[in-house]
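Understanding the architecture of this molecule
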Amino acid sequence: MRVFIAEKPELGRAIADAIGGGQKDGGCIRCGSDVVTWCFGHLLELTDPEDHDPTAKQWAMERLPLRWPIEHKPMKDKADQIKLIKRLVGQADTVVHAGDPDDEGQLLVDEVLEYVGNTAPVQRILINDNNTKVVRRALDNLRDNREFHGLYQSALARSVADQHYGYNLTRAYTLAGRAAGADHVLSVGRVQTPILGLVVRRDRAHEGHASHVYYDLGATFAGEGGEFAARYRPGDDAPVDDKGRVIDQEFAQRVAQAIEGQPANVVNAKTEDKQTPPPLPYNLLNLQADASRKFGFSPDKTLKTTQALRERHRLITYNRSDCEYLSDEQHADAPGVLDAIANTAPVLGGAAKAADPSLKSRAYNSANVSAHHAIIPTQTSGDLEKLSEDEAKLYQLIARQFIAQHFPPEQYRQTTLDLEVAGHAFRVTAKVITSPGWKKLYKRDTDNEEVHGDGEDDDSAANLEWVTADTPLTCQGATVAEKQTQPPKRYTMAALLKDLARVAKYVTDERVKKLLLAKDQEKRGEHGGIGTPATRSAIIEALMKRGFLEEKGKKVQSTKLGREFHDLLPASATAPDMTALWHEQQEQIRQGTMTLEQFIDGVAAHVAGEIERIKAEGVQIEAASGPECPECGEGVLRRRKGSKGHFWGCNRYPECKATRPDKGGKPQMTKPKSGSQAQVSDIPCPECGEPLVRRRSKGGKGHWWGCSGFPKCAARFADRRGKPQLENAKEKQDG
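The paragraphs below set out a description of the structure included in this document. (Residues numbered from 1 in each chain as written. Predicted model: local features only at pLDDT ≥ 70, side-chain atom pairs only at ≥ 80, totals over all residues. Heavy atoms only, no water.)

**Observations regarding the overall build of the protein chain**
Along the backbone of the protein chain there are 21 helices and 27 strands. Relative to a compact globule of 735 residues, whose C-alpha radius of gyration would be 27 Å, the protein chain shows 30 Å and is just as compact. With the principal axes as the frame, the protein chain shows a C-alpha extent of 90 × 70 × 65 Å. A buried classification covers 49% of the 735 residues belonging to the protein chain. Counted over contacts in the protein chain with a minimum sequence separation of 6, partners at least 24 positions apart contribute 72%. Accessible area for the protein chain stands at about 34900 Å²; split by element, carbon and sulfur atoms hold 47% of it. Here the protein chain carries 102 positive and 104 negative side-chain charges, and the mean point of each set is 8 Å from the other. (Helix = DSSP H or I, 4+ residues; strand = E, 2+ residues; numbered from the N terminus. Rg over C-alpha atoms; globule rule 2.2 N^0.38 Å. Buried < 20%, exposed > 50% of the residue type's maximum accessible area, 1.4 Å probe, protein only. Contact = heavy atoms within 4.5 Å. Areas by Shrake-Rupley, 256 points an atom, 1.4 Å probe, with all protein chains shown as cover. Lys, Arg positive; Asp, Glu negative; His and termini not counted. Charge placed at Lys NZ, Arg CZ, Asp CG, Glu CD.)

Listed below in structure tokens is the structure:
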């Protein structure tokens, strides 16, 4: 018997469909002598220090650094699927590993096989498209899973190192901060602290910008065919800044006076037929950026809304993809997808019907598809009226981007003129649209720079094809405009997300920059980035919840606390260099020239050295102030903002989990009587992490538990002797 273990249920169903004859049997599908089962994303998580030593729950500097064995444990409510897989694997002659074809997919299934004690031979199937033809072809090309052992070890090394680094340095900085009077958990992570560093540096560059004046020189030229404007191109003798802008007013005025009324020679006149292809379909990063720009959605909101579009409504494909391309085989599905869009969203019906499914844009390229293809609509029809407002907005955004793949390119003629007048050079570029093609779909999306550009390249919209090398021209006049240099713009959420995919451009160490770029060489759309499209949103959300970042209007800025914390950390923690250096060593693990243990020992040595520095030097951070905690007597209560408003909590959290309601900006020091109102607990919701609330049932008989994040999170749990019954709660499957 062959047992296939897919990464997600939908992949499992695709494999069963390709094999044929499948019969559902609980958490698996039986296809003759083959059985297909699946994970729900990660079924296991790394054990915590307290799983091996209960005293490790207590945060104490003298206990650091912590070391504990590399072991796994089942995630909440996923134990049943682990038991099923263990039973099936025990009966298997051969196991087929069907994780996604990337390092995380390799880790996800290999860790399960190791946990359940598999002894059967393991084959590997590589599938990046659930199209039946693609899956059948993959079934004919199974490989020995031992070929991928290095990939598994490399991914496991990163996971273990992230945990070791985060656990130890978060505790060390938090404890040192508390010794100095601080009141926050100072959370450190390989990805989150460089994200904080990126925002802090941008804010300081914006605030510390020393503006200077420069001069923009333009001239008007005329001939028998009309007149047009062109811009000055400074020569080698021109006084310019580092961006080629003239900084001497007298020089600019002399040039203006010298050229006025003088004949101009056309040094070069070139007209070309050009075209612009449609923007590629969305990956999660670009979708989050566009949803932030257009609708003000947070990255996390976009992720959760698309999760509902995929899982509840079946209207879009895998929503956490980092890929912008589609397989060649998917082109045959275009008519069905376009019909589904027209049926689901009548507002796009005209565009969907005007699309030509026979057109094959650059998006259809199997060679560029990684573990997943781009996010597109499925061939399932729905009803836009039955979607939430947010779901409808994102569906239409995704659908429009797919429709654009089946419109012709924008066609235009571009004329570039290089002029010489009185020894000075000028240039103008003019663009004349001959056919808008796909751009007619984006006519109202005026602030979309990917579609419309920033307007800086084209100096004229006039047709300048009448100008040739022999055309006599005269400079009618020149103007000198005084301008001020502008500071780097503060981040918007969209700009921050885009930058996280290309942080290598900010790295000055050439070796580190090359390592970051090499890390993403097989990922189209990623250019030396940190994090993944799916994790970045959660990390940004966490940085905001911890008070390190905040949104002011449409800007993402660092807070006073965020800057204080940033300044406590060594440069190695706030720069993306560590991701690059770890990647280099992970490549060595993949190739077998370094072991997982050697890598972890190196990380442990780095962490130990940093902890010794913290112990010796301490940290300088603003001391906490507030009412004394009524429960532990050691900490102070600080006012915090939760999803349901403000409350007060002890600054010694998590050692002390005391909370008090907020009453007019002050803590209500006496606890409410039992049953008089909902009781906010210190137990996190397993679905979103917000505190759970114990509520009295209608009629006054019994209690139940709900999420304090309602209505954003509608999780509910039964009450069992004053505690929420979590072990059998149905958890969202994040696939």
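**A few points about helix α3 (residues 79–91)**
The first and last C-alpha atoms of α3 sit 19 Å apart over 13 residues, in line with the 18 Å expected at 1.5 Å per residue. Residues of α3 that are buried include every one of Q81, I82, L84, I85, L88 and V89, and no others. Projected down its long axis, α3 shows its buried positions confined to an angular sector of 160 degrees, all on one face. Facing away from the buried side of α3, by more than 90 degrees, are the exposed residues D80, K83 and G90. (Expected span 1.5 Å × (residues − 1). Arc of directions from axis to C-beta.)

**Things to note about the nonpolar core**
Counting 61 residues, the largest nonpolar core has Y165, Y173, I195, L496, F565 and F599 as its most contacted members. Looking at this core, the elements that each hand over two or more residues are α6 (149–179), α7 (192–207), α15 (493–500), α17 (533–545), α18 (560–568), α20 (577–591) and α21 (596–617). Looking at which element gives the most residues to this core, the answer is α6, with 12 residues. Among all residues touching I195, those that are not within four sequence positions of it are L500, I530, I539, I540 and L543. (Core = buried A, V, L, I, M, F, W, Y, C linked by side-chain atoms within 4.5 Å.)

**Here's the deal with the environment of N651**
Take N651: it is sitting in the loop between β20 (645–650) and β21 (659–663). Residue class for N651 comes out buried when judged on its relative accessible area of 8%. Taking the C-alpha atoms as reference points, N651 and G626, 25 residues apart in sequence, are found 9.5 Å from one another.

**Structural notes on the pairing of β21**
The side chains of a regular strand alternate between the sheet's two faces. Relative to β21, β20 runs antiparallel, the two being bridged by 3 bridges. Bridging across to β21, F647 finds its partner in P661. With 2 bridges joining them, β21 and strand β22 (residues 666–667) adopt antiparallel strand pairing. Residue pairing for β22: D662 is matched across the bridge by P667. (Pairing = 2+ DSSP bridges.)

**Details of the sheet that holds strand β16 (residues 491–492)**
The antiparallel open sheet is built from 3 strands, whose spatial order is β16-β18-β17. Strands at the two margins of the open sheet, each flanked by one partner only, are β16 and β17 (549–552). Contacts from α7 reach β16, β17 and β18 (555–558) within the one sheet, and its direction differs from that of β18 by about 95 degrees. (Axes fitted to C-alpha atoms, helices over the stretch in contact; angles between N-to-C directions.)

**Section: the environment of I15**
Within the fold, I15 resides in helix α1 (residues 9–19). Classification of I15 by relative accessible area gives buried; the value is 0%. A sequence separation of 316 residues divides I15 from H331, and the C-alpha atoms of the two residues are 20 Å apart. Apart from residues lying up to four places away in sequence, I15 is in contact with F4, A6, V36, A98, I127 and V135.

**Description of the packing of aromatic side chains**
Applying the stated criterion across every chain yields a total of 11 aromatic pairs. Plain terms: the ring middles of W438 and Y442 are 5.5 Å apart, the flat faces sit at 80 degrees to each other, and that makes the pair edge-to-face. Side by side, W438 and Y442 carry an identical accessibility label, which is buried. Three or more aromatic residues link up through ring pairs in this structure, and these residues are F221, F228, Y232, F426 and W466. If you follow K8 out to its NZ or CZ, it ends over the ring of Y318, 4.7 Å from the centre. The cationic tip of K431 hangs over the ring face of Y412; the distance from NZ or CZ to the ring centre is 4.3 Å. (Phe/Tyr/Trp six-rings, centres within 6.5 Å; stacked < 30°, edge-to-face > 60°. Lys NZ or Arg CZ within 6 Å of the ring centre and 35° of its normal.)

**What to know about the layout of surface pockets**
Put simply, the second largest pocket is a space of about 1100 Å³. If you go around the second largest pocket, you meet 41 residues; those closest to its centre are E10, N130, T317, Y318 and T378. Of all the secondary-structure elements, those providing two or more residues to the lining of the second largest pocket are α1, α10 (299–311) and α11 (334–344). The element contributing the most residues to the lining of the second largest pocket is α1, with 6 residues. The residue inventory of the lining of the second largest pocket, partitioned by class, reads 15 nonpolar, 15 polar and 11 charged. (1 Å grid on protein atoms, 1.4 Å probe; cavity = no way out; pocket = protein on both sides within 12 Å on 5 of 7 lines; lining within 4 Å. Points joined across faces, edges and corners; volume = space filled by probe spheres on them. Nonpolar A, V, L, I, M, F, W, Y, C, P; charged D, E, K, R; others polar.)

**A closer look at the sheet that holds strand β7 (residues 94–98)**
Pairing is mixed in the open sheet, where 7 strands are placed in the order β2-β3-β4-β1-β7-β8-β9. Strands with a single pairing partner mark the edges of an open sheet, and in this sheet they are β2 (23–25) and β9 (143–144). Where strand β1 (residues 2–6) meets strand β4 (residues 34–38), 5 bridges bridge the pair, whose relative direction is parallel. Paired with F4 across the two strands is V36, which belongs to β4. α1 rests against β1, β3 (28–31), β4 and β7 of the sheet, and its axis sits at about 165 degrees to β4. On the sheet, α3 packs against β1, β3, β4 and β7 and is oriented at approximately 155 degrees with respect to β4.

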